[in-house]
Amino acid sequence: MSIEAGTLYIVATPLGNLGDISARALEVLSAVDTIAAEDTRHSARLLQHYGINTRLIALHEHNERQASGGIVRRLQAGESIALISDAGTPLISDPGYHLARAVHEAGLRLVPLPGPSALTTALSVSGLPTDHFCFEGFLPAKGGARRKRLEALAAEPRTLVFYEAPHRILDTLQDMRDAFGDERPAFLARELTKSFETLRLTTLAELCEWVAADPNQQRGECVLVLGGAERRDDEEGLPDEALRTLAILREELPLKQAAALAAKLTGEKKNALYKYALEQENSDD
Ligand code: SAM
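A quick note: this is a predicted structure, and the numbers were derived from the prediction, not measured.

J.: How do you make sense of the overall build of the protein when you look at a structure like this?
T.: From N to C terminus, the protein includes 11 helices and 10 strands. Overall, the protein is about 75 × 50 × 30 Å in size when its C-alpha atoms are taken along their principal axes. For the protein, with 285 residues in total, the buried portion stands at 43%. Counting contacts in the protein only where the partners sit at least 6 residues apart, residues at least 24 apart contribute 67% of the total. One way to put it: in the protein the 31 positive side-chain charges average out to a point 4 Å from where the 42 negative ones average out.

Here it is in structure tokens:
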């Protein structure tokens, strides 16, 4: 495979099982001039496993803005560089966004090498709807801010995906139970692709109790996937966001046009929006 000069390769690496690296990723990591890694010692062990001796430099959340300039200059000088993170796909709850932006802005080339991510891996086995989902990454570490964020998500109809640190999993599950209720479908994906991989689809109440009763479930890396909120039966089952959109448009447009445009913007049914707006206006009279 030919490596292009002045190109940044964004390379996904395994989540745990080293067999999950792609043949193309190995070729690129061997052939580039430099690999920018989140933790060079961690990645050195990974590269050693595959017999790759490419030079490593550090790019982590604390030096990213400053290091990006240096990496762009190296690319401008004709180097080829690969970006990897500790595990999975760079930029997915990992550093690299500022660098990718700077490379685009400098008019240089980026090449993605797709592969594992805990997000898609967990979703793929969750048994929950995946046609629409919303990735929340890590919740705030502090209890108050976390509960506030969860409350704001309580009516979200899409499947929700969260990353969480093992020492917070119990508190987070308890806060989720308070915000979303006992019966919300909940899926835990722990230690994906590793020896102690655990997958459990149940309800929030049961998952909370199961994790609390088994300290082994409070270790390792985990993803939590929750079913979305059931659509409400009142107001023709229209979500709050659609009602807000309709209200804003109604201030500027005739009812029929406002309903049609709100339907286009939100994906809700035009007739349901029209009927709702009509009822509102009749009840206001
Ligand atoms: N960039 C990574 C990706 O593509 O998934 C995510 C990096 S983020 C800093 C680390 C979080 O990803 C962990 O706290 C955990 O929530 C999730 N994660 C990473 N590896 C995992 C695994 N093997 N099993 C379950 N979750 C994992």
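J.: How should I be thinking about the sheet that holds strand β6 (residues 133-138) in this particular structure?
T.: Strand pairing in a sheet takes place through backbone hydrogen bonds and is either antiparallel or parallel in direction. The 5 strands are arranged β6-β7-β10-β8-β9 in an open sheet whose pairing can be described as mixed. Sheet topology places β6 and β9 (198-203) at the edges, where each strand pairs with a single neighbour. When the angles between neighbouring strand axes are averaged without regard to direction, this sheet yields 15°. Packed onto the sheet, helix α8 (residues 204-213) meets β8 (185-190), β9 and β10 (222-226) and runs at close to 135° relative to β9.

J.: How should helix α4 (residues 97-105) be read in this particular structure?
T.: For an α-helix, the turn length of 3.6 residues means that residues three or four places apart are oriented alike. Buried within α4 are the following residues: Leu 99, Ala 100 and Val 103. Around the axis of α4, the buried residues are gathered within 100° of arc, so they sit on the same side. Turned more than 90 degrees away from the buried face of α4, the exposed residues are His 104 and Glu 105. Contacts from the buried residues of α4 go to β1 (7-11), α3 (64-76), β4 (81-84) and β5 (109-113). Positive phi shows up at Gly 107, right after α4, with a value of about 75°.

J.: Hey, could you run me through the side chain of Glu 64 in this one?
T.: By the element assignment, Glu 64 lies in helix α3. Despite being buried, Glu 64 has no salt bridge partner; Arg 65 is the closest side chain of opposite charge, sitting 7.3 Å away. Each residue touching Glu 64, except ones within four places of it in the same chain, is listed here: Leu 59, Pro 95, Gly 96, Tyr 97, His 98 and Leu 99.

J.: What am I meant to see in the packing of aromatic side chains here?
T.: Ring pairs (aromatic) are described by centroid distance and by the angle formed between their planes. Scanning all chains against the criterion turns up 2 aromatic pairs. Relative to Tyr 163, the ring of Phe 135 has its centre 5.0 Å away and its plane inclined at 70°; by these criteria the two rings are edge-to-face. Residue Phe 135 is found in strand β6, and its partner Tyr 163 is found in strand β7 (residues 159-164); the two are separated by 28 residues along the sequence. Note on Tyr 163: relative accessible area 9%, which makes it buried. Chaining the aromatic ring pairs together yields one cluster made of Phe 135, Phe 138 and Tyr 163. The residue whose ring lies beneath Arg 200 is Trp 210, and the NZ or CZ to ring-centre distance is 4.3 Å.

J.: Hey, could you run me through the site of the ligand in this one?
T.: Around the ligand sit 19 residues in total, of which Ile 92, Asp 94, Ala 118, Tyr 163 and Cys 222 are the nearest. One nitrogen or oxygen atom from the side chain of Tyr 163 is found 2.8 Å from an oxygen atom belonging to the ligand. Leu 192 has a polar backbone atom sitting 2.8 Å from a nitrogen atom of the ligand. Relative to its unbound accessible surface of 570 Å², the ligand loses 91% to contact with the protein. Elements that contribute at least two residues to the shell around the ligand include exactly β7 and β10. Looking at the shell around the ligand residue by residue, the class counts come to 10 nonpolar, 4 polar and 5 charged.

J.: Sorry if this is basic, but what is going on with the pairing of β6 here?
T.: Alignment of β6 against β7, held across 5 bridges, turns out to be parallel. Following the sheet pairing, Phe 138 is matched in β7 by Tyr 163. Crossover handedness for the path β6 to helix α6 (residues 143-153) to β7: right-handed.

J.: Please clarify how the nonpolar core should be interpreted in this entry.
T.: The nonpolar side chains of a soluble globular protein tend to be buried with one another. Counting 19 residues, the largest nonpolar core has Phe 162, Leu 173, Met 176, Phe 180, Leu 224 and Leu 226 as the members making the most contacts within it. Sorting the residues of this core by element identifies α6, β7, α7 (169-180), β8, α8 and β10 as the ones contributing at least two each. In this structure, Leu 224 is in contact with Leu 160, Val 161, Phe 162, Ile 169, Thr 172, Leu 173, Met 176, Phe 187, Leu 188 and Leu 207, ignoring residues within four places of it in sequence. Listed in part, the 17 residues of the second largest apolar core include Val 28, Ile 35, Tyr 50 and Leu 113.

J.: When you look at the environment of Arg 65 in this model, what are you seeing that I'm missing?
T.: Looking at the secondary structure, you find Arg 65 in helix α3. Accessibility expressed as a relative area gives 65% for Arg 65, which makes it exposed. Along the chain, Arg 65 and Thr 130 lie 65 residues apart, while their C-alpha atoms are 34 Å from each other. Reaching out from Arg 65, the side chain makes a polar contact with the side chain of His 98 at a distance of 3.4 Å.

Rules and cut-offs
Residues numbered from 1 in each chain as written. Predicted model: local features only at pLDDT ≥ 70, side-chain atom pairs only at ≥ 80, totals over all residues. Heavy atoms only, no water. Helix = DSSP H or I, 4+ residues; strand = E, 2+ residues; numbered from the N terminus. Buried < 20%, exposed > 50% of the residue type's maximum accessible area, 1.4 Å probe, protein only. Contact = heavy atoms within 4.5 Å. Lys, Arg positive; Asp, Glu negative; His and termini not counted. Charge placed at Lys NZ, Arg CZ, Asp CG, Glu CD. Pairing = 2+ DSSP bridges. Axes fitted to C-alpha atoms, helices over the stretch in contact; angles between N-to-C directions. Arc of directions from axis to C-beta. Salt bridge = Lys/Arg side-chain N within 4 Å of Asp/Glu carboxyl O. Phe/Tyr/Trp six-rings, centres within 6.5 Å; stacked < 30°, edge-to-face > 60°. Lys NZ or Arg CZ within 6 Å of the ring centre and 35° of its normal. Near = heavy atom within 4 Å. Polar contact = N/O pair within 3.5 Å; in protein donor to acceptor, adjacent residues only side chain to side chain. Areas by Shrake-Rupley, 256 points an atom, 1.4 Å probe, with all protein chains shown as cover. Nonpolar A, V, L, I, M, F, W, Y, C, P; charged D, E, K, R; others polar. Right-handed = clockwise from strand over helix to strand, strands pointing away. Core = buried A, V, L, I, M, F, W, Y, C linked by side-chain atoms within 4.5 Å.

Nothing here speaks to function; it is geometry throughout.
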